[in-house]
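# Structural features, examined
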Amino acid sequence: MLVLLASAGIALLVSLLATPLFIRGFARIGWGQFIRDDGPQSHHVKRGTPTMGGLIFIVATVLGYFGGKLLGQDAPTQPALLILLLMVGMGAVGFVDDFLKISNQRSLGLGGWAKIAGQVVVSVAFGALAITQSYRGGERTVVNPAISGLRDIPWLDFTAWGALGGILFVLWILIMNVSASNAVNVTDGLDGLATGAVILSAMGYAFVAFWQFNQSCFAPEAGVGCYDVLQPLDVATLAATVVAALIGFLWWNTSPAQIFMGDVGSLALGGALAGFAIMTDTHLLLILMAGLPIIVTGSVIVQRAYFKATGGKRVFLMTPLHHHFELKGWAEVTIVVRFWIVAGLFVAAGLGLFYFEWALH
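Attention here is on the structure that accompanies the text.

### Observations regarding the state of the cysteines
- The final tally for this structure, using the stated rule, is 1 disulfide.
- A sulfur-sulfur separation of 2.0 Å characterises the disulfide bridge that pairs Cys217 with Cys226. The sign of the 95° torsion about the S-S bond sets the Cys217-Cys226 disulfide as right-handed.
- With relative accessibility at 30%, the residue Cys217 sits in the partly exposed group.

### What to know about the nonpolar core
- If you look at the biggest cluster of nonpolar residues, it comprises 80 residues, and the most contacted ones within it are Phe57, Leu269 and Phe276.
- Ranked by residues supplied to this core, first place goes to helix H7 (residues 232-253) with 13 residues.
- Filtering out sequence-adjacent residues up to four positions away, Phe276 remains in contact with Ile83, Ala202, Tyr205, Val235, Leu238, Ala239 and Val242.
- Counting residues in hydrophobic clusters, the runner-up holds 12 residues, among them Leu190, Leu321, Ile335 and Phe339.

### Regarding the packing of helix H6 (residues 193-214) against helix H12 (residues 332-359)
- The N-to-C vectors of H6 and H12 enclose an angle of 15°; their axes lie 9 Å apart at closest approach. Comparing their axes, H12 and H6 come out roughly parallel. As for the relative orientation of H6 and H12, their crossing is right-handed in sense. The residues of H12 that touch H6, namely those facing Leu193, Gly196, Ala197, Leu200, Ser201, Gly204, Phe207, Val208, Trp211 and Gln212, are Val336, Phe339, Trp340, Ala343, Gly344, Val347, Leu351, Phe354, Tyr355 and Trp358.
- Looking at the contact of H6 with H12 residue by residue, the class counts come to 15 nonpolar, 5 polar and no charged.

### Some thoughts on the environment of Gln119
- As for its position among the elements, Gln119 is in helix H4 (residues 112-132).
- Taking the C-alpha atoms as reference, Gln119 lies 6.4 Å from Val178; in sequence the two are 59 residues apart.
- A polar contact of 3.2 Å, which involves the side chain of Gln119, links it to the side chain of Asn182.

### Some points on the packing of helix H2 (residues 54-72) against H7
- Interhelical geometry of H2 versus H7 gives an angle of 135° and a closest axis separation of 9 Å. Relative to H7, the element H2 lies oblique. Of the two elements, H2 crosses H7, and the hand of that crossing is right-handed. Contacts between H2 and H7 involve Ile56, Phe57, Ala60, Thr61, Gly64, Tyr65 and Lys69 from the first element and Asp234, Thr237, Leu238, Thr241, Val242, Ala245, Leu246 and Phe249 from the second.
- In the contact of H2 with H7, the residues fall into 9 nonpolar, 4 polar and 2 charged.

### What to know about the layout of surface pockets
- Approximately 320 Å³ is the volume attributed to the second largest pocket.
- Forming the boundary of the second largest pocket are 16 residues, of which Ile175, Met176, Ser179, Ala180 and Ile294 lie nearest the centre.
- The dominant element in the lining of the second largest pocket, judged by the number of residues it contributes, is helix H5 (residues 162-187), at 8 residues.
- Residue classes in the lining of the second largest pocket are distributed as 12 nonpolar, 4 polar and no charged.

### A closer look at the pattern of salt bridges
- Under the defined criterion, the tally for this structure stands at 8 salt bridges.
- Measuring nitrogen to oxygen at the nearest pair gives 2.6 Å for the salt bridge that ties Lys69 to Asp234. Here Lys69, found in helix H2, pairs with Asp234, found in helix H7; they are 165 residues apart in sequence, far enough to count as distant.
- Taking the relative accessible area as the measure of exposure, Lys69 reaches 3% and is therefore buried.
- Between Arg140 and Asp228 there is a salt bridge, with its nearest N and O atoms 3.0 Å apart.

### Quick notes on empty space enclosed by the protein
- Evaluation of the coordinates by the stated rule reveals 1 cavity of 30 Å³ or more.
- In this structure, the largest cavity encloses a volume near 60 Å³.

### Quick look at the environment of Gly291
- Tracing the backbone through its elements, the reader meets Gly291 in helix H10 (residues 291-310).
- By relative accessible area, which is 2% here, Gly291 ends up buried.
- Residues Gly291 and Asn177, 114 residues apart in the sequence, show an inter-C-alpha distance of 15 Å.
- With sequence-adjacent residues up to four places away left out, Gly291 is seen in contact with Leu286 and Phe346.

### So, a nonpolar patch on the surface
- Residues Val333, Val337, Ile341 and Leu345 make up a contiguous nonpolar surface patch of roughly 360 Å² in combined accessible area.
- If you trace the backbone, Ile341 turns up in helix H12.
- Look at Ile341 and you get partly exposed, because its relative accessible area is 49%.

Definitions and limits used
- Residues numbered from 1 in each chain as written.
- Predicted model: local features only at pLDDT ≥ 70, side-chain atom pairs only at ≥ 80, totals over all residues.
- Heavy atoms only, no water.
- Disulfide = S-S within 2.5 Å.
- Buried < 20%, exposed > 50% of the residue type's maximum accessible area, 1.4 Å probe, protein only.
- Core = buried A, V, L, I, M, F, W, Y, C linked by side-chain atoms within 4.5 Å.
- Helix = DSSP H or I, 4+ residues; strand = E, 2+ residues; numbered from the N terminus.
- Contact = heavy atoms within 4.5 Å.
- Axes fitted to C-alpha atoms, helices over the stretch in contact; angles between N-to-C directions.
- Parallel < 35°, antiparallel > 145°, perpendicular 65-115°, else oblique.
- Left-handed = near helix turned anticlockwise from the far one by under 90°.
- Nonpolar A, V, L, I, M, F, W, Y, C, P; charged D, E, K, R; others polar.
- Polar contact = N/O pair within 3.5 Å; in protein donor to acceptor, adjacent residues only side chain to side chain.
- 1 Å grid on protein atoms, 1.4 Å probe; cavity = no way out; pocket = protein on both sides within 12 Å on 5 of 7 lines; lining within 4 Å.
- Points joined across faces, edges and corners; volume = space filled by probe spheres on them.
- Salt bridge = Lys/Arg side-chain N within 4 Å of Asp/Glu carboxyl O.
- Patch = residues over 30% accessible without salt bridge, like charges linked within 9 Å, V, L, I, M, F, W, Y side chains within 5 Å.
- Areas by Shrake-Rupley, 256 points an atom, 1.4 Å probe, with all protein chains shown as cover.

The analysis is restricted to geometry; functional conclusions fall outside its scope.
In structure tokens, the structure reads:
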């Protein structure tokens, strides 16, 4: 518990205090946001606002996690290190995308397929390590190759399928990670919107992992309904560290934002959420825990499908969904706060479902 509090505290201080320095540094070297011409007109005043702020909370998370471990004289664990790998790897893909946007002074950085290719490489590397790295001298791998809802689903356990099962499971991880990272990326369209939504989601996963720690099958007094997940307390520690780093960043990212997270931030956060879901064996629960980003992304899919099917008609005034409400005259702060409420309700529903499943045992 000491490590959790120390890691979160360090991450909060680093993010809160370092962000102004990054803002001044990014402004000096010209790392400013480029605004699309076809977006809401009210966004054009944001042109030039420092971007790539995701670097700040990624660094704060890494420093917080390892700093807390150092203070608590506790060794890092494989599940947390793999989540960090996924977060940093996805952030690296986003960094390249952001850097190309700034360098070329346009709203498009990496091409669509190039960005997906980068996400695929990171996802496959993460998945391969998760199902091949042994734990405790080879007793088991870090992650059991099975699709999970609130626990592993027995009839979707690929262990007996051998190499084919491993490939199918890595493919599933790929789908989860690419979906989560792009969903957060699409949600990052208003000041503080994605930051606040992911704070709520990561906080939810901190509670899930901490509960799994208290009900761990590895504890001597393990009872019925225990959880067979590795190092849940350390996963909770990392989730709390991400929350703290984002709270420090939100202080400067809230409306009117003095800095944007950029793709480096949004892709990293989506990767972190996917990592938490994978390491807690709650894959399908991610649908609720990341409910807001999924709805926002769904609005884009629905709009495009309806547009093509009807020859140009639209369901929404503009997508993603938050732009629809902007064009309806809602104030940006109103949209953000109401969307946060929706995100919180989804997380609350996810936690309620998680607890209800445990209570049935």
